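What follows is the residue order along each chain.
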Amino acid sequence: MPTDVSNPQYYHKVVDCQWACPAHTNVPEYIRLIAQGRYTESYLLNRQSNVFPGILGRTCDRPCEPACRRGRVDGKPVAICRLKRVAADLRDDVTEYLPPVPREKNGKRVALVGAGPASLTVANDLMPLGYEVVLYEKHQRAGGLMRVNIPSFRLPAEVLDEETQIILDMGVDIRYGTPVTSMRALLAEGYDAVFVGSGAPKGKELEIPGRRDTDQIFIGIEWLANVHFGHIEHIGERVLIIGVGNTAMDCCRTSRRLGGQDIKVIARRSRPYFKASPWELEDAEEEGVEIVENHAPKRFVVENGKLVGMELDRLRWFEQNGKQKSEIVETVMMPCDSVILAIGQDNAFPWLERDIGIDFDDHDMPIVDKMTFASSRAGVFFGGDAAWGPENIIWAVEHGHQAAISMHNHCMGIPLTERPAYGMNLVSAKVGMHAWSYSNDYNSAMRSKMTHEELTKRFSRLSVEVELGFTPEQTATEVERCLNCDIETHFTSNLCIECDACVDVCPVSCLTIAPDGPDSDLRTRLSAPALNLSQELYVSAGLPQTKRVMVKDEDVCLHCGLCAERCPTAAWDMRRFDLLVPYAGREASLVSLARAHAVRPVSAV
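Since the model is a prediction, treat every value here as computed from it, not as a measurement.

### Topic: the overall build of the chain
Each helix and strand in the chain was counted, giving 23 helices and 23 strands. For the chain, the C-alpha radius of gyration of 26 Å lies close to 25 Å, the compact-globule estimate for 605 residues. Long-range pairs, those at least 24 residues apart, make up 71% of the contacts in the chain with a sequence separation of at least 6. Entry remark: accessible area of the chain is about 25900 Å², with carbon and sulfur atoms responsible for 50%.

### Some remarks on the pattern of salt bridges
By the definition in use, this model includes 50 salt bridges. In this structure, the salt-bridge partner of Glu286 is Arg458, at a minimum N-O distance of 3.4 Å. Of this pair, Glu286 sits in helix α15 (residues 278-286) while Arg458 is found in helix α18 (residues 455-458), placing the two residues 172 residues apart along the sequence. Salt-bridge contacts for Glu478 lead to Arg481; the nearest nitrogen and oxygen are separated by 2.8 Å.

### Notes on the sheet that holds strand β19 (residues 487-491)
As summarised here, the arrangement of the 3 strands in space is β16-β23-β19, forming an open sheet in which the pairing is antiparallel. Of all the strands in the sheet, the pair left with one neighbour each is β16 (423-428) and β19. Sheet twist, expressed as the average angle between the axes of neighbouring strands with direction ignored, equals 40°. Bridge count for β19 against strand β23 (residues 572-580) is 5 bridges, and the pairing is antiparallel. Each bridged residue has a counterpart across the sheet, and for Ile487 the counterpart in β23 is Arg576.

### Section: the packing of helix α3 (residues 27-35) against helix α8 (residues 80-90)
The interhelical angle for the contact between α3 and α8, taken along N-to-C directions, is 50°, at an axis separation of 10 Å. Our classification of the angle between α3 and α8 gives oblique. Between α3 and α8 lies a crossing of left-handed hand. Across from Val27, Tyr30, Ile31 and Ile34 in α3, the residues of α8 making contact are Ile80, Leu83, Lys84, Val86 and Ala87. Looking at the contact of α3 with α8, its residues break down into 8 nonpolar, no polar and 1 charged.

### A closer look at the packing of α3 against helix α4 (residues 39-50)
The packing of two helices is summarised by the inter-axis angle and the distance between the axes. The interhelical angle for the contact between α3 and α4, taken along N-to-C directions, is 165°, at an axis separation of 8 Å. Of the possible angle classes, the one that applies to α3 and α4 is roughly antiparallel. Read as a crossing pair, α3 and α4 show a hand that is left-handed. Residues Glu29, Tyr30, Leu33 and Ile34 of α3 pack against Tyr39, Glu41, Ser42, Leu45 and Asn46 of α4.

Procedures and definitions
All chains use their own residue numbering, which begins from 1 and follows the written sequence. Given that the model is predicted, a residue must reach a pLDDT of at least 70 before its local features are reported, and side-chain atom pairs must reach 80 or more before they are shown or counted; all residues, however, enter totals for whole chains, interfaces and linings. Side-chain metrics in this entry use all non-hydrogen atoms of the structure; hydrogen atoms and water are not considered. Secondary structure counts use DSSP, requiring at least four H or I residues in a row for a helix and at least two E residues in a row for a strand, with both numbered from the N terminus. The reference for a compact globule is 2.2 Å times residues^0.38; the radius of gyration itself is calculated from the C-alpha atoms. Only heavy atoms matter for contacts: two residues are in contact if any of them lie within 4.5 Å across the pair. Only the protein chains shown count as cover for residues, and all accessible areas are computed by the Shrake-Rupley method using a 1.4 Å probe. Think of a salt bridge as a Lys or Arg side-chain nitrogen and an Asp or Glu carboxyl oxygen that are within 4 Å of each other. Being paired, for any two strands, means DSSP has found at least two bridges between them. Axes here mean lines fitted to C-alpha atoms, for a helix over just the part in contact, with angles spanning 0 to 180 degrees between N-to-C directions. Here the word oblique covers every angle except those under 35 degrees (roughly parallel), over 145 (roughly antiparallel) and from 65 to 115 (roughly perpendicular). Should the near helix be turned anticlockwise from the far one by less than a right angle, the crossing is termed left-handed; should it be turned clockwise, right-handed. Residue classes follow a fixed rule: Ala, Val, Leu, Ile, Met, Phe, Trp, Tyr, Cys and Pro count as nonpolar, while Asp, Glu, Lys and Arg count as charged, and any other residue, Gly among them, counts as polar.

The following block contains the structure:
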């Protein structure tokens, strides 16, 4: 069966980074715009999908980078996240290019609970559609856990302020210092829809002996918030951090800046099982933090009301009957003055009554539809960490986009399951007879290394940003490492004369002309076996002369364009694929996309 390349999801999946990004950011295009020095356009293209380019250029969990095709070539993906920061740092004022907000409202009024990334994304998507948006925030500034749990040495306050304010300046009615204490009372206000983006604000406890015998044991996210608000300014010299996620990394690095000298992060498993991002671990170790593997907390050692240490079981892990199991090798004592628990976060909904039609599961979590983000009560939606527990900011953004679609559908009387369709543009990248509108030469440069502030300066105060950003030279090198996976090899079967020129010139042997057959059979008969079963093969219609088919392994293609350059009949062409991502109000989405590209609105193909 010939591959249907008119389906936007086919080429979307070929753009590995965009496919892996929860918000489907057009990574190759924004990198090309940076290469051209068009930082403002690159920023706007980013903002179309991820809403917070400056914030995410510093804090994103980077699901795009493990997927990056470049990593399959030389082991090091393109520094996608850090290039996003380049566009954010070097852009001009974008105010005039943002989606316009109509003066005349559409008569619908919605409430958002919590001014974190999910709620702010909902506001960003609904304000241009004429909604009146009321945002309830218990603190005095917007940002949610982005503000109180991410240290300023990773995310400067001015970056957070600027990008959150862009959305608030659309006309959001934000009510600071106003925690929602009753969902029943909020619903009584007569809102047409309510979105809960209150996060997962409760840190998990560790109830072992000694837990309640000292005031020097802290819950990670609460401790970070207290540091942010200035309630905590010092910590003991010897600090143990229990847990090895990204919050643990923020805690140990913050401890270093508050007087901690001997800081250890305690992990129950070995490094391959750590939840923390590799770069977070590297930064912590650069700052003198020790990572202790395969140790489990046993008890806190408290003498005369003072914490003096912690007993831990050293574990040996082994496999038994296909399952990982552990046994205690020995019990060790580690001296410490303070302990920070960073073993996870839970949702907390004491303000959400259980008799108002919102169903909860056995774990006391609201039951939320995975596609529509709707609860069991019509008009009430959840997103971000409040929906299914802690995830990265980029996931919260995508939750906000999808919830905004549902809220718009609900308010307009459209079924929630009726989602706006994806579209695409597919335009030839050919310029003249023998050139392309993108840089298709393979650049062998290795991944650029981020420069950091010197240790003595970064420890001088909490607000000193550690990562200094790429230099112009690093940026120029890094953008050329991108393989332009959105420039697709587009094949027209009736033009093929089966000369094998494309097969011969392909540097990775991803093309084969062969008799048709089942996918599992075709994969074994290619020039090189197609081993990644998660990536579909491209299979053409029958070729004019022999009725054989052109088969392409999309997984290993370098998008170099040599097949199209070599083809004597132009059966192969390189075409720029632009995925049109649906948002609340499809028409507004197209206008916004056009603004990002500085072109007139285009129709989906």
